[in-house]
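These are the residues of each chain, in order.
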2 protein chains.
Amino acid sequence: MAKKKVNVAVVGATGAVGTEMFGVLQERGFPVDRLLPLASSRSAGEEIEFAGTTYKVEELKHDSFAGIDIALFSAGGKVSAEFAPSAAKAGAVVIDNTSHFRMDPDVPLVVPEVNAKDIGEYKKKRIIANPNCSTIQVVVAVKPLFDAVPVKRMVVSTYQAVSGAGKEAMDELNEQVTALYNHRELPQEIFGRQMAFNVLAAIGTFDDNGDTDEELKMRNESRKMLHLPALAVACTCVRVPVYNGHSVAVYLELEKELSPDKARALLREAPGVLLVDEPKKRQIPTPLDASGQDATLVGRVRRDESVPHGLSLFCCADNLRKGAATNAVQIAEILLRDHL
Amino acid sequence: MAKKKVNVAVVGATGAVGTEMFGVLQERGFPVDRLLPLASSRSAGEEIEFAGTTYKVEELKHDSFAGIDIALFSAGGKVSAEFAPSAAKAGAVVIDNTSHFRMDPDVPLVVPEVNAKDIGEYKKKRIIANPNCSTIQVVVAVKPLFDAVPVKRMVVSTYQAVSGAGKEAMDELNEQVTALYNHRELPQEIFGRQMAFNVLAAIGTFDDNGDTDEELKMRNESRKMLHLPALAVACTCVRVPVYNGHSVAVYLELEKELSPDKARALLREAPGVLLVDEPKKRQIPTPLDASGQDATLVGRVRRDESVPHGLSLFCCADNLRKGAATNAVQIAEILLRDHL
């Protein structure tokens, strides 16, 4: 049986997520007919390798999307705000990796393992939002538990890699490390200060209560995807000097007893989860182990006796893959299978 | 008025904390008459600079402590278990930086800003315990708040520097980074795996519930120092690739309302605390800023609306100084002023 093939545009083709997107499309054998790498005029003309063919990156314009079936956007919120409607109008379905449309009630926000059925809602605006990177792995890890036992509250502390801030951030960490080792002045254009061998509890911008938008994404996007609009979420988002792979410490307050053994049994069967939980053998999730794969590694599943029915866990995932590119391509696969 | 001077032994004189101890004793003008640096036979013979004089490190023996008034121990739990009683028997007061005696009901566990009055209990065994490094900064930060409003529960996620695992751990991180940048094989004798650009949610040993001893220290030592034996504490301890300076995300569930403004006012006046909380100006605590100073930096003070009377904060302190050496010398100062 011949698979139908589709025309795919990648907006932000030269960025950290865009680059990953090409790799994931190939690895997963996504049936691409025509590939259209798009970027700002600054990056237009660069070359991209995809499935043995070299493509020239074209400049993103409002009329770029004629004949495109699926447009994968990851070039920042402003670019999506301006160009996603043009892509939708031209007949493409946009899968947007920025935060711009995520809380729009007419745009589904989807992690396939969690709420694949919401993809059908794409028809309203022809846009599907891909969630925030650190939120994706949390909902993948907690959904199988919440399906078994209702939840009251979730406390979340993140350990986020610099790749979440883009390619320039990875370069700057690298330049900072080499500058330190060579006694040169530190570049700090991206982070505004030393990120190497330091920890920065400031991702995004602060509101008047002192929460960052990154922290509010964890709360609001979790609520939307889990269909739990009143879920209580406390969150602190912290950048750590890791190149790639986000980690999250999660403390759950459940409505009823869920033993660590039962939780592990659920996680072992859960889609998108790889249980790594033999701490006495030093088998725990690390961002380095998560990096390069699609699964969310979950471990350190423990009873939390500080609260009735408390359970805590630690998870890690590749924020460029499952936290961005893989999740977007998974959405595209379901879209293609069920809707296009 | 001539200050009385005392004879001080430092056990573990060549370790990360021992080295810091000499610096802190000098900086604070501690009235040392005779200084006695002690270490294992392996390090005996090494030289130490202190206040313009060079001292030879002597081998630690049971009869090392004749004439010593204060013995500062930081050479590991086994060394303290074996030699602290000998020092006490010889008439010294031991200030022990290891975990060995911390939960002994006849040994006070002290952070001067929190429970200085407990120092008087030293008479029972002539031993005073210095708490775990990450716990010290947490109790310094929360004590002024708990004095104003009683607390129900505390959730704590740590971001701990490698210096907390000793000098060899700092060396190994350094060697790992240079090995990575030179495409050489990574040494991993201390961490058992790559710590550079990675995160390890495993500090210490695991019990059957999956908690580490480091995590239980946070709970048990906080309870003892705050005189809150039933305080509910959830904790995840995580090592991050930072050379020095521990960071902690803290979520408090208070019994009554305490506004962030009131909390900040209390913290501004609190001993040992430096409030760094203008996040919109990117003024937040970082381990790099905390490193080299004695204050616990506290910031990101926020209302946590996920729970009644919730308040969260982020703090950083130098784990070798306030987390170890400075706290021990502060205890020695009070001991000298009030008891010797």
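Rules used in this analysis
- Residues numbered from 1 in each chain as written.
- Chains lettered and ligands numbered in written order.
- Predicted model: local features only at pLDDT ≥ 70, side-chain atom pairs only at ≥ 80, totals over all residues.
- Heavy atoms only, no water.
- Helix = DSSP H or I, 4+ residues; strand = E, 2+ residues; numbered from the N terminus.
- Rg over C-alpha atoms; globule rule 2.2 N^0.38 Å.
- Buried < 20%, exposed > 50% of the residue type's maximum accessible area, 1.4 Å probe, protein only.
- Contact = heavy atoms within 4.5 Å.
- Areas by Shrake-Rupley, 256 points an atom, 1.4 Å probe, with all protein chains shown as cover.
- Lys, Arg positive; Asp, Glu negative; His and termini not counted.
- Charge placed at Lys NZ, Arg CZ, Asp CG, Glu CD.
- Axes fitted to C-alpha atoms, helices over the stretch in contact; angles between N-to-C directions.
- Parallel < 35°, antiparallel > 145°, perpendicular 65-115°, else oblique.
- Left-handed = near helix turned anticlockwise from the far one by under 90°.
- Nonpolar A, V, L, I, M, F, W, Y, C, P; charged D, E, K, R; others polar.
- Arc of directions from axis to C-beta.
- Phe/Tyr/Trp six-rings, centres within 6.5 Å; stacked < 30°, edge-to-face > 60°.
- pLDDT = per-residue confidence, 0-100.
- Pairing = 2+ DSSP bridges.
- Least-squares fit on C-alpha atoms with pLDDT ≥ 70 in both.
- Polar contact = N/O pair within 3.5 Å; in protein donor to acceptor, adjacent residues only side chain to side chain.

Draft legend 1. Focus on the overall build of chain A. The helix and strand tally for chain A stands at nine helices and 14 strands. Its C-alpha atoms give chain A a radius of gyration of 20 Å, near enough to 20 Å, the size a compact globule of 340 residues would have. Its C-alpha atoms put chain A at 60 × 55 × 40 Å along the principal axes. Scored against the burial criterion, the 340 residues of chain A give a buried share of 61%. For chain A, restricting intrachain contacts to residue pairs at least 6 apart in sequence, the fraction spanning at least 24 positions comes to 66%. Approximately 12,900 Å² of chain A is accessible, and the part contributed by carbon and sulfur atoms is 48%. Side-chain charges in chain A split into 40 positive and 45 negative, and the spacing between the mean points of these groups amounts to 5 Å.

Draft legend 2. Here's a closer look at the packing of helix H4 (residues 133-148) of chain A against helix H7 (residues 260-269) of chain A. Residues and elements named next belong to chain A. Between H4 and H7, the shortest axis-to-axis distance is 9 Å and the interhelical angle comes to 120°. Between H4 and H7, the crossing angle belongs to the class labelled oblique. As H4 runs across H7, the sense of the crossing is right-handed. Contacts between H4 and H7 involve Ala 141, Pro 144, Leu 145 and Ala 148 on the former and, on the latter, Ala 263, Leu 266 and Leu 267. Partitioning the contact of H4 with H7 into residue classes produces seven nonpolar, no polar and no charged.

Draft legend 3. Quick look at H7 of chain A. Residues and elements named next belong to chain A. Restricting attention to buried positions, one finds in H7 the residues Pro 260, Ala 263, Arg 264 and Leu 267. The buried side chains of H7 occupy one side of the element, clustering within an arc of 100° when seen end-on. Exposed and oriented more than 90 degrees from the buried face of H7 are Asp 261 and Glu 269. Where H7 is buried, its residues meet H4, strand E12 (273-275), strand E13 (296-304) and strand E14 (310-317).

Draft legend 4. Spatial organisation of the packing of aromatic side chains. In this structure the tally under the stated criterion is 13 aromatic pairs over all chains. The interplanar angle of 50° and the centroid separation of 6.4 Å between the aromatic rings of Tyr 181 of chain A and Phe 197 of chain A together place this pair among those described as tilted. Taken together, the residues Tyr 181 of chain A in helix H5 (residues 167-181) and Phe 197 of chain A in the loop between H5 and helix H6 (213-226) connect sequence positions 16 residues apart. Classification of Tyr 181 of chain A by relative accessible area gives partly exposed; the value is 29%. Relative to Tyr 243 of chain B, the ring of Phe 197 of chain A has its centre 4.7 Å away and its plane inclined at 50°; by these criteria the two rings are tilted. A residue pair is termed interchain when its members come from two chains, as with Phe 197 of chain A in the loop between H5 and H6 and Tyr 243 of chain B in the loop between strand E10 (232-236) and strand E11 (246-254). Put simply, the rings of Tyr 159 and Phe 314 of chain A together with Tyr 159 and Phe 314 of chain B touch in pairs and so form one group of aromatic residues.

Draft legend 5. Spatial organisation of the confidence of the model for chain A. Per-residue confidence for chain A gives a mean pLDDT of 96, with 99% of residues at or over 70. Interface confidence for the predicted complex, given as ipTM, is 0.95, next to a pTM of 0.95.

Draft legend 6. Representation of the sheet that holds strand E9 (residues 151-159) of chain B in the model. Residue and element names in this part refer to chain B. Taken in spatial order, the six strands of this open sheet run E10-E9-E11-E14-E13-E12, and their pairing is mixed. In this open sheet, the two strands that pair with only one neighbour each are E10 and strand E12 (273-275). Taking each pair of neighbouring strands and ignoring which way they run, the sheet shows an average axis angle of 25°. On top of the sheet, helix H4 (residues 133-148) reaches E9, E11, E12, strand E13 (296-304) and strand E14 (310-317); it is set at about 35° to E11, its chief contact.

Draft legend 7. Local environment of the interface of chain B and chain A. With 59 residues of chain B at the interface, the matching set in chain A holds 59 residues. Mapped onto the side of chain B that touches chain A, the elements with two or more residues apiece are E9, helix H5 (167-181), E10, E11, helix H8 (287-290) and E13 of chain B. The element that contributes the greatest number of residues to the side of chain B that touches chain A is E9 of chain B, accounting for six residues. When grouped by side-chain class, the residues that make up the side of chain B that touches chain A number 31 nonpolar, 14 polar and 14 charged.

Draft legend 8. Structural context of the pairing of strand E3 (residues 47-50) of chain A. The alternating pattern of E3 of chain A places Ile 48 and Phe 50 of chain A on a buried face and Glu 47 and Glu 49 of chain A on a face that is not buried. In this structure, the hairpin formed by E3 of chain A and strand E4 (residues 53-56) of chain A is closed by a connection of two residues, where Ala 51 of chain A is found at a positive phi of approximately 50°.

Draft legend 9. Geometry of the relation of the copies chain B and chain A. Turning chain B through 180° and shifting it by 0.0 Å along the axis lays it on chain A, with an RMSD of 0.0 Å. One copy is carried onto the other by what is essentially a two-fold rotation axis. Most of the interface of chain B is mirrored in chain A, where 100% of its interface residues are also at the interface.

Draft legend 10. Up close: the sheet that holds strand E10 (residues 232-236) of chain A. All names here are of chain A. Strand order across the open sheet formed by six strands is E10-E9-E11-E14-E13-E12, with mixed pairing between neighbours. Either end of the sheet is taken by a strand with one partner, and the two such strands are E10 and E12. Pairwise comparison of adjacent strand axes, ignoring direction, gives a mean angle of 25° for this sheet. Two elements, E12 and E13, share three bridges in a ladder whose sense is parallel. Paired with Val 273 across the bridge in E13 is Thr 296.

Draft legend 11. Local environment of unusual backbone geometry. Residue and element names in this part refer to chain B. Positive phi outside glycine occurs at Arg 126, with the angle close to 55°. Within the secondary structure, Arg 126 is located in the loop between helix H3 (112-115) and strand E8 (127-129). Despite not being glycine, His 227 has its phi angle at roughly 55°, a positive value. Examined against the element boundaries, His 227 turns out to sit in the loop between helix H6 (213-226) and E10. Overall, the relative accessible area of 45% leaves His 227 in the partly exposed class.

Draft legend 12. Fine view of the pairing of E14 of chain A. Residues and elements named next belong to chain A. In terms of burial, E14 is largely enclosed, as eight of its eight residues are buried. Because side chains alternate across E14, one face comprises the buried residues Gly 310, Ser 312, Phe 314 and Cys 316, and the other comprises Leu 311, Leu 313, Cys 315 and Ala 317, equally buried. Note that strand E11 (residues 246-254) and E14 share eight bridges and pair antiparallel. Opposite Ala 249, over in E14, you have Phe 314 as the bridge partner. Where E13 meets E14, six bridges bridge the pair, whose relative direction is antiparallel. Along E14, the bridge assignment pairs Arg 303 with Leu 311.

Draft legend 13. Broad picture of the environment of Cys 235 of chain A. Residues and elements named next belong to chain A. Among the structural elements, Cys 235 can be located in strand E10. For Cys 235, a relative accessible area of 7% corresponds to the buried category. Taking the C-alpha atoms as reference points, Cys 235 and Leu 216, separated by 19 residues in sequence, lie 7.8 Å from one another.

Draft legend 14. Focus on the side chain of Glu 253 of chain A. By secondary structure assignment, the location of Glu 253 of chain A is in strand E11. Exposure remark for Glu 253 of chain A: the relative accessible area of 7% places this residue in the buried category. Of note is the side chain of Glu 253 of chain A, whose polar atom sits 2.8 Å from the side chain of Arg 153 of chain B. Contacts of Glu 253 of chain A, omitting those with residues within four sequence positions, involve Val 151, Lys 152, Arg 153, Val 155, Val 307 and His 309 of chain A together with Arg 153 and Glu 253 of chain B.

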